[in-house]
Amino acid sequence: MTRVLVVDDEPQILRALRINLRVREYQVDVAATGTEALAMAARHPPDLVILDLGLPDLDGVEVIQGLRGWTKAPIIVLSGRADSTDKVEALDAGADDYITKPFGVEELLARMRAAVRRTGTAGDQPRIRLGDLIVDLAAKRVIRQAPVPASGGPAGGGPADPAGAEDQPAQADDVRLTPTEWHLLEVLLRNPGKLLSRNQLLTEVWGPGYADATGNLRLYMAQLRRKLEPDPARPRWLITEPGMGYRYQPSPDEDT
């Protein structure tokens, strides 16, 4: 049973989430202040945290920093603050995702499921499928698979042999990525479903001196989409979250 810590100073939200999550067989702890949340997490380490930023004693970012000092449990921020600066600050402090109030319970549940699925597994997936592409993280290769066309009929133009209509082995061609493109792709794929801020990606891929080089990030994301997405103008996997950053969104019907 997944243990969830819900932190919010609005009693009606605490009550609603406690009921909805328990019905779905989550184990739920609640806290109305940042201090209470940190103490509760220390006593009963959570598998996932749902956190409001506007708490009466501590700012939610301080709570994130306190939790990140000792736990890697996913943190989903659930806040009425819609300004992108607040969102980015929370993500940079260590939050995994951000949902703005008012919110839909089904959306929250979907984000929770995605966060729990990736916990402890994202770094262990050596091969990830993106449509007809296979990204081999261990070998650092992106392989495009395409079926070999069925062979034609016998000489003289007669009907094809029925056996020739069976599925043929796949041809494999490498998609060439630059070292920077590969590094950016790898960071995204190792955090499936997680919203990564622009600052996080720039620091991870280019280094701490490039935190303001957002043009670099836009350029390389566009290049990755041209090489990997079926329709770069409507990306399927490499998603932009306006004002915040990017995420790799796995397709639910595809194996990883």
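Residues numbered from 1 in each chain as written. Predicted model: local features only at pLDDT ≥ 70, side-chain atom pairs only at ≥ 80, totals over all residues. Heavy atoms only, no water.

## What to know about the pattern of salt bridges
As a working rule, side chains carrying opposite charge can pair if their charged atoms are close by.
Here's step 1: Scanning all chains against the criterion turns up 19 salt bridges.
Here's step 2: For the salt bridge of K101 with E10, the shortest nitrogen-to-oxygen distance reads 3.2 Å. Residue K101 is found in the loop between strand 5 (97–100) and helix 5 (105–118), and its partner E10 is found in the loop between strand 1 (3–7) and helix 1 (11–23); the two are separated by 91 residues along the sequence.
Here's step 3: Note on K101: relative accessible area 16%, which makes it buried.
Here's step 4: Its relative accessible area of 29% is what places E10 among the partly exposed residues.
Here's step 5: K194 is the partner of D96 in a salt bridge, and the nearest nitrogen-oxygen pair spans 3.6 Å. With D96 in the loop between helix 4 (84–93) and strand 5 and K194 in the loop between helix 6 (179–189) and strand 10 (196–197), this residue pair connects regions lying 98 residues apart in the sequence. Each member of the pair, D96 together with K194, is buried.
Here's step 6: It is possible to trace a salt-bridge network through shared partners that takes in D97, E107, R111, E241 and R247. (Salt bridge = Lys/Arg side-chain N within 4 Å of Asp/Glu carboxyl O. Helix = DSSP H or I, 4+ residues; strand = E, 2+ residues; numbered from the N terminus. Buried < 20%, exposed > 50% of the residue type's maximum accessible area, 1.4 Å probe, protein only.)

## Considerations on the nonpolar core
Here's step 1: Membership of the largest hydrophobic core comes to 28 residues, with the highest contact counts inside it found for V142, L185 and L188.
Here's step 2: At the level of elements, strand 6 (127–130), strand 7 (133–136), helix 6, helix 7 (198–205), helix 8 (214–228) and strand 12 (245–248) are the ones that each hand at least two residues to this core.
Here's step 3: For this core, the leading source of residues is helix 6, giving six residues.
Here's step 4: Counting residues in each nonpolar core, the second largest holds 23 residues, with L5, I64, I75 and L91 among its members. (Core = buried A, V, L, I, M, F, W, Y, C linked by side-chain atoms within 4.5 Å.)

## Considering the sheet that holds strand 10
Here's step 1: On the basis of which strands lie adjacent, the open sheet formed by three strands has the order 10-12-11 and antiparallel pairing. The strands lining the two open edges of the sheet, one partner per strand, are strand 10 and strand 11 (238–241).
Here's step 2: With two bridges connecting them, strand 10 and strand 12 associate as antiparallel partners. Residue S197 lies in a different strand from strand 12, and its bridge partner there is G245. (Pairing = 2+ DSSP bridges.)

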